[in-house]
Amino acid sequence: MKTENLTKKRILTGDNTTGRLHIGHYVGSLENRVRLQDEYETIIVLADLHALAYPKYVASPDIVSDSIFQVAVDNLAVGIDPDKSYIFPDSAVPEISEIALIFSMLISHNRALRNPTLKEEIRDKNLGDNFSVGFINFPILMAADILSVNADLVPVGEDQAPHLELAREIVQKFNNTYGGVFKEPEGLIGRVPRLVGTGGKAKMTKSLDNVIYLSDDSVTLKKQVMSMFTDPKRIHADDPGSVEGNTVFLYHDIFNSNKEEVAELKARYKKGTVGDVEVKEKLFVVLDNILSPIREKRKYYENHRDEVFDILKTGTLKVSEEAKKTLENMREKMKLPRFS
Ligand code: ATP
Ligand code: MG
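Calculation notes
Residues numbered from 1 in each chain as written. Chains lettered and ligands numbered in written order. Predicted model: local features only at pLDDT ≥ 70, side-chain atom pairs only at ≥ 80, totals over all residues. Heavy atoms only, no water. Helix = DSSP H or I, 4+ residues; strand = E, 2+ residues; numbered from the N terminus. Rg over C-alpha atoms; globule rule 2.2 N^0.38 Å. Buried < 20%, exposed > 50% of the residue type's maximum accessible area, 1.4 Å probe, protein only. Contact = heavy atoms within 4.5 Å. Expected span 1.5 Å × (residues − 1). Pairing = 2+ DSSP bridges. Right-handed = clockwise from strand over helix to strand, strands pointing away. Near = heavy atom within 4 Å. Polar contact = N/O pair within 3.5 Å; in protein donor to acceptor, adjacent residues only side chain to side chain. Areas by Shrake-Rupley, 256 points an atom, 1.4 Å probe, with all protein chains shown as cover. 1 Å grid on protein atoms, 1.4 Å probe; cavity = no way out; pocket = protein on both sides within 12 Å on 5 of 7 lines; lining within 4 Å. Sits in = over half its atoms within 2 Å of the grid points. Points joined across faces, edges and corners; volume = space filled by probe spheres on them. Nonpolar A, V, L, I, M, F, W, Y, C, P; charged D, E, K, R; others polar. Salt bridge = Lys/Arg side-chain N within 4 Å of Asp/Glu carboxyl O. Core = buried A, V, L, I, M, F, W, Y, C linked by side-chain atoms within 4.5 Å.

Asker: Would you explain the overall build of the chain in this entry?
Answerer: Helix and strand counts for the chain stand at 15 helices and five strands. Taking 20 Å as the expected radius of gyration for a compact globule of 340 residues, we find that the chain reaches 22 Å, a close match to that expectation. With respect to the principal axes defined by its C-alpha atoms, the chain has extents near 80 × 45 × 40 Å. For the chain, the proportion of its 340 residues judged to be buried stands at 52%. Sequence-distant contacts, at least 24 apart, represent 77% of the contacts inside the chain between residues at least 6 apart.

Asker: Just checking my understanding: could you explain helix α14 (residues 276–302) for this structure?
Answerer: Because the α-helix completes a turn every 3.6 residues, residues three or four places apart line up on one side. Between its first and last C-alpha, α14 extends 36 Å over 27 residues, near the 39 Å set by a 1.5 Å rise per residue. Here α14 has its buried residues at Val279, Lys280, Leu283, Phe284, Val286, Leu287, Asp288, Leu291, Ile294, Arg295, Arg298 and Tyr301. Along its buried surface, α14 packs onto α1 (23–36), α4 (61–77), α11 (218–226), α12 (247–255), α13 (259–271) and α15 (305–334).

Asker: Please clarify how the pairing of strand β1 (residues 9–16) should be interpreted in this entry.
Answerer: The side chains of a regular strand alternate, residue by residue, between the two faces of the sheet. Examined bridge by bridge, β1 and strand β2 (residues 40–47) share eight bridges and lie parallel to one another. When the bridges of β2 are listed, Arg10 appears paired with Glu41. The parallel pair β1 and β2, bridged by α1, forms a crossover whose chirality is right-handed.

Asker: I'm lost on the site of ligand 1 in this one. Help?
Answerer: Around ligand 1, 22 residues are found, and the nearest of them are Asn16, Asp159, Leu195, Thr205 and Lys206. At 2.8 Å from a nitrogen atom of ligand 1 is found a main-chain nitrogen or oxygen belonging to Leu195. The separation between an oxygen atom of ligand 1 and a polar side-chain atom of Lys203 is 3.2 Å. Taking 600 Å² as the accessible area of ligand 1 by itself, protein coverage stands at 98%. Taken atom by atom, the bulk of ligand 1 overlaps the largest pocket. The element best represented in the shell around ligand 1 is α1, accounting for four residues.

Asker: Looking at this model, I keep getting lost on empty space enclosed by the protein. Mind explaining?
Answerer: Unfilled space is identified by rolling a water-sized probe across the atoms. All chains considered together, the criterion is met by two cavities of 30 Å³ or more. Within this model, the largest cavity holds a volume of roughly 110 Å³. Lining the largest cavity are Thr117, Glu120, Glu121, Asp124, Lys125, Asp159, Ala202, Lys203, Thr205, Ser207 and Leu208. Partitioning the lining of the largest cavity into residue classes produces two nonpolar, three polar and six charged. If you trace the second largest cavity, you find it lined by Ile23, Tyr26, Leu214, Phe255, Leu287, Ile290, Leu291 and Ile294.

Asker: Any chance you could explain the environment of Pro139 here in plain terms?
Answerer: With respect to the helices and strands, the residue Pro139 is situated in helix α9 (residues 138–148). Placed 26 residues apart in sequence, Pro139 and Glu165 show a C-alpha to C-alpha distance of 9.5 Å. Excluding residues that lie within four positions of it along the chain, Pro139 makes contacts with Asn115, Leu118, His163 and Leu166.

Asker: What is the right way to look at α12 in this model?
Answerer: Within α12, seven of the nine residues are buried, leaving the element largely enclosed by the surrounding structure. Where α12 begins, the capping side chain belongs to Asn246, and its oxygen is found 3.1 Å from the backbone nitrogen of Val248.

Asker: What is the right way to read the pattern of salt bridges from this model?
Answerer: Any two side chains of opposite charge can pair if their charged atoms end up close together. Per the stated rule, a full pass over the model turns up 30 salt bridges. Put simply, Glu121 and Lys125 hold a salt bridge, and the shortest N to O gap is 3.9 Å. Among the residues examined, Glu121 registers a relative accessible area of 12% and is labelled buried. With relative accessibility at 30%, the residue Lys125 sits in the partly exposed group. Salt-bridge contacts for Glu186 lead to Arg168; the nearest nitrogen and oxygen are separated by 3.8 Å. Taken as a pair, Glu186 in strand β5 (residues 186–189) and Arg168 in helix α10 (residues 161–178) lie far apart in primary sequence, 18 residues in all. Look at Glu186 and you get partly exposed, because its relative accessible area is 43%. A cluster of three or more residues bridged by salt bridges with shared partners is formed by Arg10, Glu41, Lys318, Glu322 and Lys325.

Asker: Help me understand the nonpolar core, please; the structure alone is not making it clear to me.
Answerer: One recurring pattern in soluble globular proteins: nonpolar side chains tend to sit buried together. Residues Ile23, Ile87, Leu195, Ile212, Leu214, Tyr251 and Phe255 are the most contacted members of the largest nonpolar core, which totals 47 residues. Among the elements of the structure, α1, β2, α4, α11, α12, α13, α14 and α15 are those that each provide at least two residues to this core. No other element matches the eight residues that α14 contributes to this core. Residues contacting Phe255, with those up to four places away along its chain left out, are Ile23, Val27, Leu195, Val286, Leu287 and Ile290. Residues Val45, Ile136, Ala143 and Val181 belong to the second largest nonpolar core, which totals 39 residues.

Okay, here's the thing in C-alpha cells:
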C-alpha cells in the first residue's frame, strides 16, 4: 500500500481514452511521469469524459470503454508503479464534472475559443463547425481534473500548454472572486515537445495513422519504420542525402542512445555511402529494444485484468476523496447551500 506523504508535491497528468498510447505520448509526457513518481505524488487521469469531446468517440462507447483499460495498461507497462502512483477515469468522479461546470461560468465564450490547440484540432480532425459545446469545454474539464486535486505540476506535450494557461487563469479568477482555494499549477513539457509522425509532417497522432504504438509487435513496428519518410530528393542509395528534416534521423537522434552510431550513419548518408534501408533497419532495432520490455509488462497486465481494475478502484477512491474536499471548499466560498 502507498504511504501518505503530506510533504510531497503532487502531479496530475493523463491521456484521452481514444485508443492506445504511442511513442509521441511517451516522449511528450509518460517519460516525465515515470521519472518523477518518487519525488511527486502522481495521479494519472484516464480522460474518458474528454474522449467524448470528439464526434468519432462520442459515437463509439466500446472504443472509449476498452481504451480505459488499454491506456491504464500502457501507463503501467512503461513503468508507472501502482504502489506509488494513482490511476483513475475522470467519469468515475462526478465531483470533477461539477467543478468543471462552475469553472465554465468564469470563462467567457471568446476566451474559451481563443486556444490555438483547439483551432488546430478543428482543422486536423476535420471537425468543421460541427464541434460540440463539450469540445470547447475540453480545456475547462482538464482544469477541473488538475485543480480537483490541487496539483502542483502537470507533465504534458507542447499542444497542451494553452490548456494549462487557461487552468492558471481559472485559478486567478476563482481566487480573486471568491477567495483563495487553488494554487497555480506549473506545466512540464517533455523531452520532445511534439514528436512528428512517421509521415514526417504532422504531429504523431492516432487520427492520422502516422503512429508507432507502444503495443506494436515487431512485425508492425518494422512495417511502420520501413515506410517512414526520409529525404524525398534522394533517388538512389549512393546519392548524397540530407539528414536535416529527415524523419528517420530525427528519430535516431531522439531514441538511439548510441550517439557514435548515429554520427557515423549521418556522415555516410551525407556522402551517399549508406542506403535508406540500412538506416531504417538500425532504427527498427533501437525502437524494438525500447518496446520489447514494455510489451512484456503489457502482457502481464493483459493477463491480470482484475489487478488493473483494482488499481483503478484505488485511484478513484483517492481522487473522489480529494475532489469532494475541493468542491466543498468551493461551494462554501461561493455561498452555495447544501440541504443534505
Ligand atoms: P492523439 O493526438 O494521438 O489523438 P491525443 O492528442 O488524444 O493523442 P492526449 O491524451 O491529448 O492524446 O495526449 C496525452 C499526452 O501526450 C498529452 O500531454 C499530449 O500533449 C502528449 N502528446 C500527444 N501526442 C504527442 C506528440 N506527438 N508529441 C509529444 N507529446 C504528445
Ligand atoms: Mg490531444
